[in-house]
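A closer look at the structure
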Amino acid sequence: MLNHHIKSSSKLLIANQDWVLTRQLKSVRMVSNVIFSQFSFFLLMAVSEWYLTESNDCEVNVDRELGDSVLLDVLNLSSRTYDSLLWQKGRYAVARYKNAPKVYSKFHSKVNIFQNGSLSIISTSKSDEGKYIVNVFDKNGIRTLNQNFTLRLFEKLSIPVMKVDCVNEQDMYISCEVHKGTPVSFYLNEQPLTKHNTSFSNGGRKATLKNFTSSYSNKTFFCKVENPISEGQSTPSQLYCAGKCKTTLSNVPAENLKQISLFKSVTRI
């Protein structure tokens, strides 16, 4: 009886040890799978970044109105020819598609990703500007496509206001200003205003040109502004200072006095 009891206890102990060992092995496998999954993700990120520095298959500039939703479409992509794709913004993973969509936490309420690879950015803000990269991989993990998108967001321009400030009967300041949006280009009667003949202020919203009234007698002028999503033009008006109240140079701000000599050589329009 004693021997039988000892044998039964031994079998029970061995069985218990086997159960504990099995549980430990399962735990090790689970941890290994998690580690391998994380390693695979970071390896994919590293490979993507390495490829990014090596070559770019396509670069696309996207200009949209600030506040609108934006759709970034992957060019030349068929859902039958890829296994997975990954969108990044800088060093951050934005979204991934592999059998199903996955959006990473930082962008969870901001973007959607679709089976065709397109990335939708919802209700854009200035922080959404920048470079987006999409890398496409086949079932062997080999990258088959890489595209870069540079997103720029603009406000629509208000109608510009043109103003003439007479220094005397010969010298004037012509300014063109918008109160909403940031122009990329200013024009006076279709001639571009550049840093060579114009002073820009108010965050790029105002352009000031100095010239002579004698060049513009009885001529009508208008100011035009443009950015990639909108344009505007002022009401045409005649530039005329003769007979108006003269302003002596001593009453002109110092910064404007510098402009008088600066704009003496402006090309006539």
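Residues numbered from 1 in each chain as written. Predicted model: local features only at pLDDT ≥ 70, side-chain atom pairs only at ≥ 80, totals over all residues. Heavy atoms only, no water.

A few words now on the side chain of S230. Summarising the element assignment, S230 is placed in strand 18 (residues 230–233). Accessibility expressed as a relative area gives 13% for S230, which makes it buried. Of the polar contacts made by the side chain of S230, one reaches the backbone nitrogen of L157; its length is 3.0 Å. Setting aside residues up to four positions removed in sequence, S230 forms contacts with E155, K156 and L157. (Helix = DSSP H or I, 4+ residues; strand = E, 2+ residues; numbered from the N terminus. Buried < 20%, exposed > 50% of the residue type's maximum accessible area, 1.4 Å probe, protein only. Polar contact = N/O pair within 3.5 Å; in protein donor to acceptor, adjacent residues only side chain to side chain. Contact = heavy atoms within 4.5 Å.)

This part is about the confidence of the model for the chain. Scored by pLDDT, the chain comes out at a mean of 75, with 62% of its residues at no less than 70. A low-confidence stretch, residues 2–7 (pLDDT under 50), is modelled with zero contacts involving residues beyond four sequence positions or located in other chains. Low confidence marks residues 245–269, where pLDDT is under 50. Its contacts with residues over four positions away, or in another chain, come to 40 contacts. (pLDDT = per-residue confidence, 0-100.)

What follows concerns the state of the cysteines. Considering all chains together, one arrives at one disulfide under this definition. Between the sulfur atoms of C176 and its disulfide partner C223 the distance amounts to 1.6 Å. Measuring the twist about the S-S bond at about -70°, one finds the C176-C223 disulfide to be left-handed. Of this pair, C176 sits in strand 11 (residues 171–177) while C223 sits in strand 17 (residues 223–227), and the two are 47 residues apart along the sequence. With a relative accessible area of 3%, C176 lands in the buried category. On the accessibility criterion, C223 (1% relative accessible area) is buried. (Disulfide = S-S within 2.5 Å.)

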